[in-house]
Amino acid sequence: MPRQVHRPPATNMYSPTLPSAVDLCVSNHSSQICVALLTTMSAPAEVAHPRLILRGGNLADGSRCDIAIEQDTGLIVEVGGLTINVNDTVESCEGMMILPAPVEPHAHLDKALLANRSDVPINQSGDLISAISITNSVTFDPLDTNNRARAALLTLVRNGATTVRTHVDVREPIGIRSLEVLLSLANEFRSSGLADIQITCLLGSQVTGSLGHANRRLLESALAAGANVVGGCPYLDSNPYAATELLLRAAQEAGIPCDFHTDETLDPSVLTVIDLIKAVERLHFDQGVSASHCVSLGVQSEQVQRSVADRLAELKISVITLPQTNLSLQSRRIASAPPRAMAPTAHLASVGVNVAAGADNVRDPFCPIGRLDPVETASLMVLAAHRDPQQAWEHCSTNARIAIGAPEIRIQPGYPAELVAIKGTSLTDVIASGSQERIVIHNGHVISRTRVVSEISYPKP
């Protein structure tokens, strides 16, 4: 697990502290979804070890049980048929599946929901180059970035993702302004007890040579400001290996992990994941490495895939596949038998590579859709990566935690109570239906409840 760097807390200069309760009602024809986001409430001083009881839910294996959570420590203390004590708080989970909380391992919260802005052009061609060009033409105002990122984070929390890693553009002319906004939001959400957020500084494409001078200075500024992860796009640099080693060295000196955008293309001649393997081995880098995308690995021969996968597994380099955005961006001009723009998930997993899955971009020039919901990502992993529902959920939860160095979660005594209860009769039903009816537990406290009320009126007796 990567070594953590503890930074002093900062306040959010763009908005007031989150209120103790936010009530949201969204009407949609005859259905109404009511949501309550609740910040953590301290237990009365006279109550020793107050417990939260999740009553009557089902686990992924189909067993029905109660779960006792000690709220002082945020740990699961009992699982099974429980006796309720007078000071316990009981949360009914009847008709719901209780699951390890999902993680969003790869977001772009600085760009999230840009499609809602009337001044942002639609990506008519739908490809990656056009998405980059449009984004580079957009003005990023700190207040607007704060408001969009906040809305996206609240949606992630309501959907159960209380651990998030987001990439944030650090490039000219934005500098580190967006990074500072996201760092402030991360501190606010953490201190309010709503979510743990990692901020990755996503450097401009060129970091080597004279053309990379400005981006190297911005990397120094981003690390000084408190970035938690070093990111970048070495495959777009004129010298991919040198860029990879430069970024790894910066992370090594700062004592933080790396997460690179890697080979986001269907061009089989681009395979810089091999540069990453060589650089990690040469530097003995052991602070946590993730290779996001790895699209071109999916169009290599089985022999090449096997060779690369074995080395990734040996060096414990995680791969983060991002089906939603890559399926949207890639294969646009391939009329016959277009390849799936994904890393070869099943093959990587079969040899021991940790493969996580995330949403990537949501409602911006890179991807026009997305619900900021790991259940949606799990559904895509079933359909596009041919994973079964249990494997798909693990890519979005257990494996995603490994990829970003978050604590392991199991529904067993002694593990952190990071859980989500979702209406459904089985894990397959949960992923297929995507019900918004959920209860979210973070650090042992219920922080969000979403209830769905649907009415059907029969006009005739």
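See above for the structure.
The shown structure was predicted, so the numbers you read here are calculated from the model rather than taken from an experiment.

(A) Local environment of the sheet that holds strand S13 (residues 289–293). With parallel pairing, eight strands are arranged side by side in an open sheet as S8-S9-S10-S11-S12-S13-S14-S15. Each end of this open sheet is capped by a strand with a single partner; those strands are strand S8 (104–107) and strand S15 (355–357). Mean inter-strand twist for the sheet, computed between neighbouring axes without regard to direction, equals 25°. As judged from the five bridges shared by strand S12 (residues 258–262) and S13, these two strands associate in the parallel manner. Among the inter-strand pairings, aspartate 259 is bridged to a residue of S13, identified as serine 290. Packed onto the sheet, helix H4 (residues 213–225) meets strand S9 (163–170), strand S10 (196–203) and strand S11 (229–232) and runs at close to 165° relative to S10.

(B) Representation of helix H11 (residues 389–396). For H11, the complete set of buried residues consists of Ala392, Trp393, His395 and Cys396. Buried residues along H11 cover an arc of 155° about the axis, so they all sit on one side. N-capping of H11 is provided by aspartate 388, with a side-chain oxygen placed 3.0 Å from the backbone N of glutamine 390.

(C) Up close: the environment of threonine 428. Residue position: threonine 428 is located in helix H13 (residues 427–433). Among the residues examined, threonine 428 registers a relative accessible area of 46% and is labelled partly exposed. Once the C-alpha coordinates of threonine 428 and alanine 60 are considered, the two residues, 368 residues apart in sequence, prove to be 9.3 Å apart.

(D) Inspection of the pattern of salt bridges at higher detail. Enumeration according to the criterion identifies 22 salt bridges in this entry. Close ionic contact of aspartate 169 with arginine 171 constitutes a salt bridge, the shortest N to O distance being 3.2 Å. Residues aspartate 169 and arginine 171 agree in their burial class; the two are buried. Three or more residues are tied together by salt bridges with common partners; here these are Arg117, Asp119, Asp144 and Arg148.

(E) The packing of helix H6 (residues 273–283) against helix H7 (residues 302–315), seen in detail. Here H6 crosses H7 at 35°, and the two axes come no closer than 11 Å. H7 is crossed by H6, and the crossing has left-handed handedness. Residue-level inspection shows Val273, Ile274, Ile277, Val280 and Glu281 of H6 in contact with H7, the latter providing Val308, Arg311, Leu312 and Leu315. Its residues assigned to classes, the contact of H6 with H7 shows seven nonpolar, no polar and two charged.

(F) Geometry of empty space enclosed by the protein. This structure, assessed with the given rule, holds three cavities of 30 Å³ or more. Approximately 60 Å³ is the volume attributed to the largest cavity. Taken together, Glu104, Ala107, His108, Leu109, Ala112, Leu156, Ala359, Asp360, Asn361, Val362 and Leu372 make up the full set of residues lining the largest cavity. A class-by-class count of the residues in the lining of the largest cavity yields seven nonpolar, two polar and two charged. The wall of the second largest cavity is formed by Pro234, Tyr235, Thr244, Phe260, His261, Thr262, Thr272 and Leu276. A breakdown of the residues in the lining of the second largest cavity according to their chemical character gives four nonpolar, four polar and no charged.

(G) Local environment of the packing of H4 against helix H5 (residues 240–254). Direction vectors running N to C along H4 and H5 enclose 25°, while the axes themselves pass 12 Å from each other. The orientation of H4 relative to H5 falls into the category roughly parallel. In the packing of H4 onto H5, the handedness of the crossing is right-handed. Residues Arg216, Leu219 and Leu223 of H4 form the contact with H5, whose participating residues are Leu246, Leu247, Ala250 and Ala254.

(H) Representation of the nonpolar core. Within the largest apolar cluster, 86 residues are counted, with the highest numbers of intra-cluster contacts made by Leu109, Leu179, Phe189, Val230, Leu248, Leu312 and Leu348. The element that contributes the greatest number of residues to this core is helix H3 (residues 177–191), accounting for seven residues. Beyond its immediate sequence surroundings of up to four residues, leucine 179 is in contact with Val168, Val170, Ile199, Cys201, Ala222, Ala225 and Ala227. The next biggest cluster of nonpolar side chains, apart from the first, holds 17 residues, and it includes Cys65, Ile69, Ile76 and Ile441.

Calculation rules
- Residues numbered from 1 in each chain as written.
- Predicted model: local features only at pLDDT ≥ 70, side-chain atom pairs only at ≥ 80, totals over all residues.
- Heavy atoms only, no water.
- Pairing = 2+ DSSP bridges.
- Helix = DSSP H or I, 4+ residues; strand = E, 2+ residues; numbered from the N terminus.
- Axes fitted to C-alpha atoms, helices over the stretch in contact; angles between N-to-C directions.
- Contact = heavy atoms within 4.5 Å.
- Buried < 20%, exposed > 50% of the residue type's maximum accessible area, 1.4 Å probe, protein only.
- Arc of directions from axis to C-beta.
- Polar contact = N/O pair within 3.5 Å; in protein donor to acceptor, adjacent residues only side chain to side chain.
- Salt bridge = Lys/Arg side-chain N within 4 Å of Asp/Glu carboxyl O.
- Left-handed = near helix turned anticlockwise from the far one by under 90°.
- Nonpolar A, V, L, I, M, F, W, Y, C, P; charged D, E, K, R; others polar.
- 1 Å grid on protein atoms, 1.4 Å probe; cavity = no way out; pocket = protein on both sides within 12 Å on 5 of 7 lines; lining within 4 Å.
- Points joined across faces, edges and corners; volume = space filled by probe spheres on them.
- Parallel < 35°, antiparallel > 145°, perpendicular 65-115°, else oblique.
- Core = buried A, V, L, I, M, F, W, Y, C linked by side-chain atoms within 4.5 Å.

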